Amino acid sequence: MTTRLRVVVLPLAAVLFLTSAGIAQVPKVNTVLYGASYYHEYMPYERLEQDVQMMEKAGISVVRLGESTWSSWEPRDGEFSFAWMERILDRLHKAGIQVILGTPTYSIPPWLYRKHPEILVTRLGEKKSYYGPRQNMDITHPTYLFYAERVIRQVVSHFKDHPAVIGYQVDNETSSYETAGKNVQQNFVEYLRKKFSTTAELNRIWGLTYWGQLINDWDEFPPRDEILNPGYKLEWERFQQKITTDFLAWQGAIVREYKKTDQFITHNFVGGVRTNIDEFEIAKNLDITAVNPYHDVQEDLDGFGIALSGDLCRSLKQNNYLITETNAQTIGWDSKWQRPPYDGQLRLNVYSHLAHGANMVAYWHWHSLHYGQETYWKGVLSHDLEPNRAYQEVSRTAHELKELGPRLVNLKKKSKVAVLYSVDSHQGIRFMPFSDKVDYLSVLHQLYRALFELNVGVDFVFPGSANFGDYAVIVVPPLYIASDALLEKLAAYANSGGHLLLTFKSGFCNEHSTVRWQRVPGPLRKAAGFSYQEFSSLKGELPLKGDPFQVGDANRVSVWAEMILPEGATALAYYDHPFFGKYPAITRNKYGKGSVTYEGTVLSGKLQEKVLLELLQLAGLTGPDQKLPAPVRVQHGVSNAGKTLHYYLNYSGAPQTFAYPYAGGVELLTRKPIAKAQNITLQPWDLVIVEEN
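First, a word on scope: everything that follows refers to the structure included in this document. Keep in mind it's a predicted model, so treat the numbers as computed, not measured. (Residues numbered from 1 in each chain as written. Predicted model: local features only at pLDDT ≥ 70, side-chain atom pairs only at ≥ 80, totals over all residues. Heavy atoms only, no water.)

### Describing the packing of helix 2 (residues 48-58) against helix 4 (residues 83-94)
It is the contact of helix 2 with helix 4, at a shortest axis distance of 10 Å, that shows an interaxial angle of 30°. One element, helix 2, and the other, helix 4, form an angle in the roughly parallel class. In the crossing of helix 2 with helix 4, the sense of the turn from one axis to the other is right-handed. Facing Leu48, Glu49, Val52, Gln53, Met55 and Glu56 of helix 2, the residues of helix 4 in contact are Arg87, Ile88, Arg91 and Leu92. Here the residues of the contact of helix 2 with helix 4 sort into 5 nonpolar, 1 polar and 4 charged. (Axes fitted to C-alpha atoms, helices over the stretch in contact; angles between N-to-C directions. Helix = DSSP H or I, 4+ residues; strand = E, 2+ residues; numbered from the N terminus. Parallel < 35°, antiparallel > 145°, perpendicular 65-115°, else oblique. Left-handed = near helix turned anticlockwise from the far one by under 90°. Contact = heavy atoms within 4.5 Å. Nonpolar A, V, L, I, M, F, W, Y, C, P; charged D, E, K, R; others polar.)

As structure tokens, this is what we get:
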């Protein structure tokens, strides 16, 4: 079945304007979705009926289709083929399996490359991409956009009424791919013209009088390639992020023209903290967020990667989210590091995702590939395509979720601690690094890990978030780039009763990566209760005088020292050093109804954990969760039915026992009653879920 269609691509701004009325409300799902990506077109022989029967038997409830197959949808220019997918969708629907359909725009077909090689991305230094990899195109190029819009409209309009389709994934793990060709550089100049209006304003903000680089006319504007100015480089990164945001909003607007009101639009972010895109802005144009977290297994499985990706994804819209890809068996673009999960780990990971607010868990992918780059990124089925150990564990979990899904879905979490994430600060520090070993992300990960290991529920907030006041504690990795308004917002948060933890370099530069000309930490000075005029790199590690946080061998700091001059703040720790010893390393200032704690140096991991624990105690946020055995993680939330749920997860190969500290209830997986103070023993790589009465 083929059709031909010619379309006219609307300008991006016009498409966005069409959707300015807002984003549709996502229909609430009534159970947890569990499944995998499925590519019948990749199979070495015809086995659709066999695959779907195996899915039915296992209890699979959702699959993701279509995002990797532009050349199957459109085998030749303007000829569209749908029959192959219709039979897949029809069979899945007959089995009661729901479908998320992807737009296939992240990997261009060979005919498009042959006809228009100019659409391949050109990176800085005139480095042109080649055909072969995916994500090798300039997503701003008008020719690429023409063909992308055409295939999106064809696919979505054809399948919009299919009863199996519950939602659409726009593109796949998108970024700008560092596109920097001449057309992109010209678009950047237009972006700057709109933002700053005049070259005189740009000269002033970026300090282009330095080295005599003043710009008198926009036609003189130099390309990005060898630029050293930090303000220029920061704005370029923002522009690169905006390219991705606008591209996904553009795709979403096209899909929204066709989709039914009960179908959603999502995008699957790469797992972890990704600094090349602005996930907070992208999420505003999605109905629901999704993420692809891959993580360590076997002895290295500790839940950290699952928690970090989940908490960030949930925080983008303060709502539940989807896991569109995660580990099934082994992962890797070669076979150098093949580590299948131990018995119980697949199941444990599913419930870990649900404990952080996921409403769906889907593996990449159903079957292992027999060719191509991802041959060793194995799916639920191995290369023999037969039932195996992973299939059996997936089946066990799916049948549990068939019963428990309605009680676990739409978990509402109320965290009292947040981490402020600033991608601008990451970029600013990247351009002016203070260490080869420590950077913005390493500090963010250290802070998050300390909270994770203290069993503290965490949200992420962003410079544009309006809900700072919802949290008792906000933890701030080095806020190197920040407007006066953001710093004043943080000071007001503390003044109103919040407890703020700031780290070194915070408040140093404004939003243009220009160093403030008032004493550091600028607008935070009164709230922090100190200032400083000097700082120093540290040649090696330094201890703190008297081991103030009782951490023994971990009583050490390194890399960086700000020479803090207290102006009302209390010193919590001093350097043990003949020169630096006169300066506090860590301070705390009572400010209004709250407090500001400041770390002027890089702490060891254990020391960081103890500083955070003391702050949590000050905020009244500690209790039995901090007394659990070390490998046990706990997450809390409220179910659809208004019942409080407690997930206890054992990330170890040994049994773990603890006294259950909350109100009595029922353990959902075994249906056994649980009383307050009753001992619970978690088996290796196992869990319990307690629903309070």
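### Observations concerning the sheet that holds strand 23 (residues 632-638)
Neighbouring strands of a sheet are bound in pairs by backbone hydrogen bonds; such pairs are parallel or else antiparallel. As summarised here, the arrangement of the 5 strands in space is 23-24-29-26-27, forming an open sheet in which the pairing is antiparallel. Whereas interior strands pair on both sides, the edge strands pair on one side only; in this sheet they are strand 23 and strand 27 (672-674). Sheet twist, expressed as the average angle between the axes of neighbouring strands with direction ignored, equals 25°. As paired strands, strand 23 and strand 24 (residues 644-650) are joined by 7 bridges and run antiparallel to one another. Bridge assignment links valine 638 to a residue of strand 24, and that residue is threonine 644. Packed on one face of the sheet, helix 12 (residues 345-355) meets strand 23, strand 24 and strand 29 (687-692) and runs near 145° to strand 24. (Pairing = 2+ DSSP bridges.)

### As for the pairing of strand 11 (residues 358-363)
Here strand 11 lies mainly inside the structure; 6 of its 6 residues are buried. Bridge analysis of strand 1 (residues 33-37) against strand 11 gives 4 bridges, and the strand direction is parallel. Within strand 11, the residue paired with alanine 36 across the bridge is tyrosine 363. Relative to strand 11, strand 10 (residues 321-323) runs parallel, the two being bridged by 3 bridges. From the neighbouring strand, isoleucine 323 faces strand 11, where its bridge partner is valine 361. For the crossover that starts at strand 10, traverses helix 12 and ends in the parallel strand 11, the hand is right-handed. (Buried < 20%, exposed > 50% of the residue type's maximum accessible area, 1.4 Å probe, protein only. Right-handed = clockwise from strand over helix to strand, strands pointing away.)

### A short note on the nonpolar core
With 187 residues, the main nonpolar core has Leu65, Tyr144, Tyr351, Trp366, Leu408 and Tyr647 as its most contacted residues. Ignoring any residue separated from it by four or fewer positions in sequence, one finds leucine 408 in contact with Val32, Tyr351, Leu354, Leu401, Leu645, Tyr647, Leu668 and Ile689. Counting 18 residues, the second largest nonpolar core, distinct from the first, contains Leu542, Tyr583, Ile586 and Leu607. (Core = buried A, V, L, I, M, F, W, Y, C linked by side-chain atoms within 4.5 Å.)

### Some remarks on the sheet that holds strand 11
The strand order 7-6-3-2-1-11-10-9-8 describes an open sheet built from 9 strands, whose pairing is parallel. Every interior strand has two partners, whereas the edge strands, strand 7 (264-266) and strand 8 (268-270), have only one. Direction aside, neighbouring strands of the sheet carry axes that sit 30° apart on average. Two strands pair when backbone bridges link them, and strand 8 and strand 9 (residues 290-292) are joined in this way by 3 bridges, in the parallel orientation. Pairing of phenylalanine 269 across the sheet is with valine 291, part of strand 9.

### Focus: unusual backbone geometry
Trans is the common state for peptide bonds, and a negative phi is the common state for residues other than glycine. Between tryptophan 364 and the following residue, histidine 365, the backbone shows a cis peptide bond with an omega angle of 15°. With respect to the secondary-structure elements, histidine 365 resides in the loop between strand 11 and helix 13 (389-408). The omega torsion of the bond from valine 520 to proline 521 falls at 10°, within 30 degrees of zero and hence cis. Tracing the chain through its elements places proline 521 in the loop between strand 15 (499-503) and helix 17 (525-528).

### Side note on the packing of aromatic side chains
Following the criterion strictly, the structure yields 49 aromatic pairs and no others. Residues tyrosine 39 and tryptophan 364 carry aromatic rings whose centres are separated by 6.2 Å and whose planes lie at 55° to one another, so their mutual orientation is tilted. With tyrosine 39 in the loop between strand 1 and helix 2 and tryptophan 364 in the loop between strand 11 and helix 13, this residue pair connects regions lying 325 residues apart in the sequence. Classification of tyrosine 39 by relative accessible area gives buried; the value is 0%. (Phe/Tyr/Trp six-rings, centres within 6.5 Å; stacked < 30°, edge-to-face > 60°.)

### Here's the deal with the pattern of salt bridges
Under the definition given, this model contains 40 salt bridges. A salt bridge links arginine 204 to glutamate 201, with the nearest nitrogen and oxygen atoms 2.8 Å apart. Placement of the pair is arginine 204 and glutamate 201 together in helix 8 (residues 199-206), with a separation of 3 residues, close to one helical turn. Overall, the relative accessible area of 28% leaves glutamate 201 in the partly exposed class. One salt bridge in this structure joins aspartate 424 and arginine 238, with 2.8 Å as the shortest N-O distance. In this pair, aspartate 424 is assigned in helix 14 (residues 423-431) and arginine 238 in helix 9 (residues 230-258), connecting sequence segments 186 residues apart. Connected through shared salt-bridge partners, Glu74, Asp77, Lys115 and Arg150 make up one network. (Salt bridge = Lys/Arg side-chain N within 4 Å of Asp/Glu carboxyl O.)

### Re helix 11 (residues 304-317)
Within helix 11, 12 of the 14 residues are buried, leaving the element largely enclosed by the surrounding structure. Positive backbone phi, at 50°, marks glutamine 318, one or two positions downstream of helix 11.

### A closer look at the environment of glycine 207
Tracing the backbone through its elements, the reader meets glycine 207 in the loop between helix 8 and helix 9. Residue class for glycine 207 comes out partly exposed when judged on its relative accessible area of 29%. C-alpha separation for the pair glycine 207 and asparagine 229, spaced 22 residues apart in sequence, amounts to 8.7 Å.

### Some points on the packing of helix 12 against helix 13
Their axes nearest at 9 Å, the elements helix 12 and helix 13 cross at an angle of 30°. Judged by the angle between their axes, helix 12 and helix 13 are roughly parallel. The two elements helix 12 and helix 13 meet at a crossing, and its hand is right-handed. Seen from helix 12, the contacting residues are Gln345, Leu346, Arg347, Val350, Tyr351 and Leu354; seen from helix 13, they are Ala390, Glu393, Val394, Arg396, Thr397, Glu400, Leu401 and Leu408. Grouping the constituent residues of the contact of helix 12 with helix 13 by class yields 8 nonpolar, 2 polar and 4 charged.

By themselves, these observations are geometric and do not establish any function.
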